[in-house]
Each structure stands twice: as structure tokens, then as C-alpha cells.
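Letter by letter, the chains look like this.
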Amino acid sequence: MRHIAFALVLVISIFLPGKLSAQTHYESHVHVGVHGGMAMSRITFTPAVKQKMLNDFTFGVAARYAEERHVGLMGEINVTRRGWCENFEESPLQYSRTMTYLEMPIMTHIFFGPRNFKFFFNLGPQFCYMLSSAIDSNFDYANPTSVEGFPTDNRMTEQMTMKIKNKFDYGICASFGLEPIIGRRNSFTLEARYYFGLGNIYGAAKKDTFSSSRGMAITVTLGYLFRLK
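Calculation criteria
- Residues numbered from 1 in each chain as written.
- Predicted model: local features only at pLDDT ≥ 70, side-chain atom pairs only at ≥ 80, totals over all residues.
- Heavy atoms only, no water.
- 1 Å grid on protein atoms, 1.4 Å probe; cavity = no way out; pocket = protein on both sides within 12 Å on 5 of 7 lines; lining within 4 Å.
- Points joined across faces, edges and corners; volume = space filled by probe spheres on them.
- Helix = DSSP H or I, 4+ residues; strand = E, 2+ residues; numbered from the N terminus.
- Nonpolar A, V, L, I, M, F, W, Y, C, P; charged D, E, K, R; others polar.
- pLDDT = per-residue confidence, 0-100.
- Contact = heavy atoms within 4.5 Å.
- Phe/Tyr/Trp six-rings, centres within 6.5 Å; stacked < 30°, edge-to-face > 60°.
- Buried < 20%, exposed > 50% of the residue type's maximum accessible area, 1.4 Å probe, protein only.
- Lys NZ or Arg CZ within 6 Å of the ring centre and 35° of its normal.

**Quick look at empty space enclosed by the protein**
What the rule picks out here adds up to two cavities of 30 Å³ or more. In this structure, the largest cavity encloses a volume near 160 Å³. Residue assignment for the lining of the largest cavity shows that the elements contributing at least two residues are β4 (71-86), β8 (186-200) and β9 (212-227). Classifying every residue of the lining of the largest cavity gives three nonpolar, seven polar and five charged. Space inside the second largest cavity adds up to approximately 90 Å³. Taken together, 16 residues line the second largest cavity, and the ones lying closest to its centre are His35, Met74, Thr189, Glu191 and Leu225. Going through the elements one at a time, β1 (29-46), β3 (54-66), β4, β6 (117-137), β8 and β9 are the ones with two or more residues in the lining of the second largest cavity. Counting residues per element, the lining of the second largest cavity draws most heavily on β9, which supplies four residues.

**Description of the confidence of the model for the protein**
When pLDDT is averaged along the protein, the result is 90, and 89% of the positions lie at 70 or above. Per-residue pLDDT stays below 50 along residues 18-23; that stretch engages in four contacts with residues further than four places along the chain or on separate chains.

**Things to note about the packing of aromatic side chains**
Evaluation of the coordinates by the stated rule reveals 15 aromatic pairs. For the pair Phe45 and Trp84, a centre-to-centre distance of 5.2 Å together with 80 degrees between the ring planes defines the contact as edge-to-face. Taken as a pair, Phe45 in strand β1 and Trp84 in strand β4 lie far apart in primary sequence, 39 residues in all. For Trp84, a relative accessible area of 0% corresponds to the buried category. For the pair Phe88 and Phe150, a centre-to-centre distance of 5.8 Å together with 65 degrees between the ring planes defines the contact as edge-to-face. Residue Phe88 is located in the loop between β4 and β5 (95-112), and its partner Phe150 is located in the loop between β6 and β7 (168-182); the two are separated by 62 residues in the primary sequence. Of the two residues examined, Phe88 and Phe150, each falls in the buried class. One aromatic cluster is present, formed by Phe45, Trp84, Tyr95, Tyr141, Tyr202 and Phe210 through successive ring pairs. Directly above the aromatic system of Tyr101 lies the positively charged group of Arg82, at a separation of 3.9 Å from the ring centroid.

In C-alpha cells, the structure reads:
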């Protein structure tokens, strides 16, 4: 079902702006810009892993095209660091795995509001490729049972040493935000976005440790857009 949903979002994101623009034509707008902010992420493991959000950064460039009043198409190339952070509760132990991704979301852009202040929604597929992976820990995570005070009860530990199997990831992203417009060509954006990953970072066959290991992320960014046309 998740693959069917992904395919539907992809079709809607690509063809909806064209269908609407065929109905009523307006002066086209083309914007380019940059953005950056915070990424809060985790991995959805099955069986579950005790974890908390990993806080890191995201930044990138964007291009936006709109040929009618309320709907357009937006594409981005982003670099985002996401992963997960183990939750040891009151223990001083620390472990996190950070993965740096090159991301390419392609989204339908829906906007409305007065001339100088817009609200918007974005929805579409996102494709990602892992550039690097790093582990940060203050204990010997390869031998956790030998660590004094390590909480072993009802805790998965295999994920701390497993190698990433799948560098390619894909999923669905949705966002909302606001855009004040200054003059004719300059605008700023404040956007909150949710990414739901459909790919697994580890193997997901019956013989594998986890049946799912999918990423998710919430990003909050500030951006600047310049209107070319």
C-alpha cells in the first residue's frame, strides 16, 4: 500500500499543475532561492528501538514555477543530516548515528493570500542518496553488555553496529508555510516540513534483524526567493 500511495503522490505532483493551467492561463512566475534550518529526525525500527529525536541541519537551493493563480511546481536540491539518537533515559551513555543525505523533493506548490503575503502548502515525492554516515558514542557500542550500567533489559542493540545497506531512500514530504513578499521580486519563506521515508536503511528480509528501518524527519527552515520572471 505504501508504494501505491507513493505512486499516486508522484502522479498528482507532476500532472496536477499542468491540468489546472490548461483550464485558465495566467502570467507565469519563476523563482529561485536558498533556504536552511533545523532537521529533527529518527528511524522507525521494527522491532522498536528506544530512541529520541536527533537534531541537526538542512540547507539547499530551490526553483519554483507557477503558471496560474494558485498552483505551481517546486523542486529543490538539499543537503540534510538525519538519523537517530538512542534514548538511555537517566543514564550518561550517549549514542547517535548521523547520515548525510543529498535530497531532491519535487512538489506541487499550492499558494493563496493577498498580493504581498502568501500562505502555501507543498506535497510530493522525495528522492535521497546517502553521502556519508558517522557514529558518535561515549562507550564501546560494539560490546554494550561489557559496559558498566548499560541498560540491557528489553533493548535492541544490533542497530548500533550494523552497516547501512541501502544508501538510496525515497518517500513523501508535505509542508506548510508563509511567504511575505517585498517589492516585486523578493520574498522570504518560513516553512515546516514532514518527510515520511518508504525505504529501509537496513535489510528487511525475513532473515534480517529488522523488518523495517525507515527514516522520518521534521524540518523548519527560513528561505529567500528571487523572482526571475
